[in-house]
Amino acid sequence: MTVLFGTSIPVGQAAAVAVSAGRTPAAAATQRTSEGSVHSWDLSTGVDGPGTRFVTFLSGCPLTCLYCHNPHTMKMRAGKRTSADDVIAEARKYTRFIAAAGGGATVSGGEPLLQPVFAGELLHRMKHDLGLHTALDTSGFLGARATDALLRDVDLVLLDIKSWDRETYERLTSRPLEPTLDFARRLADLGKEVHLRFVLVPGLTDAPENIEGVAAFAGTLGNVSRVDVLPFHKLGESKWQALGMEFTLHDTPSPTPEQVAGAKAVFAAHGLKAV
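Reading guide: rules and limits
Residues numbered from 1 in each chain as written. Predicted model: local features only at pLDDT ≥ 70, side-chain atom pairs only at ≥ 80, totals over all residues. Heavy atoms only, no water. Salt bridge = Lys/Arg side-chain N within 4 Å of Asp/Glu carboxyl O. Helix = DSSP H or I, 4+ residues; strand = E, 2+ residues; numbered from the N terminus. Buried < 20%, exposed > 50% of the residue type's maximum accessible area, 1.4 Å probe, protein only. Axes fitted to C-alpha atoms, helices over the stretch in contact; angles between N-to-C directions. Left-handed = near helix turned anticlockwise from the far one by under 90°. Contact = heavy atoms within 4.5 Å. Nonpolar A, V, L, I, M, F, W, Y, C, P; charged D, E, K, R; others polar. Pairing = 2+ DSSP bridges. Right-handed = clockwise from strand over helix to strand, strands pointing away. Expected span 1.5 Å × (residues − 1). pLDDT = per-residue confidence, 0-100.

Peer 1: Mind showing me how you'd approach the pattern of salt bridges here?
Peer 2: Pairing between side chains of opposite charge can happen when their charged atoms approach one another. According to the stated counting rule, one finds 12 salt bridges in the structure shown. Residue Asp-85 is joined to Arg-125 by a salt bridge in which the shortest nitrogen-to-oxygen separation is 2.9 Å. One end of the pair, Asp-85, is in helix H2 (residues 84–92); the other, Arg-125, is in helix H4 (residues 116–128), and 40 residues separate them in sequence. When its relative accessible area of 4% is taken as the criterion, Arg-125 is described as buried. In this structure, the salt-bridge partner of Asp-137 is Arg-197, at a minimum N-O distance of 3.2 Å. Taken together, the residues span a long stretch of sequence, with Asp-137 in strand E5 (residues 133–138) and Arg-197 in strand E7 (residues 194–200) at a distance of 60 residues. Residue classification places Arg-197 among the buried residues on the basis of a relative accessible area of 12%.

Here it is as structure tokens:
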């Protein structure tokens, strides 16, 4: 979806109000809006957090997941330089509809924590200026970049734990797992609600001990209110081809309903709601 531009609001006034109220998003101290690389924004229902949500997709990601269904968001330069004012102005058009539908706003990507100042301002203003429930969709790899102030403006974290086996995780993402686990523990310490996401990929993440490892870890955290077991699909393959990139999982099948049900049962056995 192409990024559109809306009417901006007085940034200095918004920042001054934030500071006077004791709320200090990253951009408030400079009294001007931040800018970031935005791929697109859209309205979605049921896949980016509860209810109907205004979702901002930021560009750039440090991971190169083999099954990424948005490979066009991997590079920062693939996005359009956009101000937080423009995003907020667009979201404002839908706030009454979103509120009536029990939804909110989600900052996604790419990886939003690759642009923590920009993501932080969006979350802050979505929550305090627009009164929306906020969600951060992240792999957790850059969780150390999320300040406590940023996380105070997040009502829900959609956290991907792609594998428990370290070698599999690095094969899938090109990055180590530990930063994500550290971030998950920090969220637990903060009591921040988490929806965990786990993609079931036959031949990669479907080993019983792998699923058990993720489930056992999640079950110890105490803040995971839901687990989304997501069946691997190849709907993004054409996007890889259009970018001249090789989709190495071309011959990997989607899991059967029985395999998905089995994975959900493992999470349920650890006291987690798996859907």
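Peer 1: Could you clarify how one ought to interpret the packing of helix H8 (residues 208–221) against helix H10 (residues 257–269) in this entry?
Peer 2: Two packed helices can be described by the angle between their axes and the distance between those axes. At a minimum axis separation of 8 Å, H8 and H10 run at an interaxial angle of 35°. Handedness of the crossing formed by H8 with H10: right-handed. Contact with H8, carried on its side by Ile-211, Glu-212, Val-214 and Ala-215, involves Ala-263, Val-266 and Phe-267 of H10 and no other residues of that element. Counted by class, the contact of H8 with H10 contains six nonpolar, no polar and one charged residues.

Peer 1: Help me understand the pairing of E7 in this model?
Peer 2: Moving residue by residue along a regular strand, the side chains alternate between the two faces of the sheet. Along E7, seven of the seven residues are buried, which leaves the element largely enclosed by surrounding structure. Burial of E7 is two-sided: the residues Val-194, Leu-196, Phe-198 and Leu-200 facing one way and the residues His-195, Arg-197 and Val-199 facing the other way are all buried. Pairing analysis gives four bridges linking strand E6 (residues 156–160) to E7, with the strands arranged parallel. Bridge pairing in E7 places Val-157 opposite Val-194. When E7 meets strand E8 (residues 224–231), the two strands line up parallel, connected through seven bridges. Within the sheet, the bridge partner assigned to Leu-196 lies in E8 and is Val-227. Running through H8, the crossover from E7 to the neighbouring parallel element E8 is right-handed.

Peer 1: Looking at this model, I keep getting lost on H8. Mind explaining?
Peer 2: When the terminal C-alpha atoms of H8 are compared, their 21 Å separation across 14 residues agrees well with the 20 Å that a helix rising 1.5 Å per residue should span. Taken residue by residue, H8 has Asn-210, Ile-211, Gly-213, Val-214, Ala-215, Phe-217, Ala-218 and Leu-221 as its buried positions. Contacts from the buried residues of H8 go to helix H7 (178–190), E7, E8 and H10. Residue Gly-222 follows H8 closely and has a positive phi angle near 85°.

Peer 1: I keep staring at the confidence of the model for the protein and nothing clicks. Help me out?
Peer 2: For residues with low pLDDT, the predicted coordinates do not support detailed interpretation. For the protein, mean pLDDT is 89; residues scoring 70 or higher make up 88% of the total. pLDDT under 50 marks residues 1–24. Its contacts with residues more than four places away, or in other chains, come to 44 contacts. Within the model, pLDDT remains below 50 along residues 26–30, and this stretch shows seven contacts once partners closer than five positions in the same chain are excluded.

Peer 1: Please explain the pairing of strand E2 (residues 52–58) as it appears in this structure.
Peer 2: The buried fraction of E2 is high, at seven of seven residues. Because side chains alternate across E2, one face comprises the buried residues Thr-52, Phe-54, Thr-56 and Leu-58, and the other comprises Arg-53, Val-55 and Phe-57, equally buried. Where strand E1 (residues 35–45) and E2 come together, seven bridges link them in antiparallel fashion. Bridge pairing links Ser-40 to Phe-57 in E2. Connecting the antiparallel pair E1 and E2 is a turn made up of six residues, with Gly-46 showing a positive phi of about 90°. Summarising the sheet, E2 and strand E4 (residues 104–108) pair through five bridges and their orientation is parallel.

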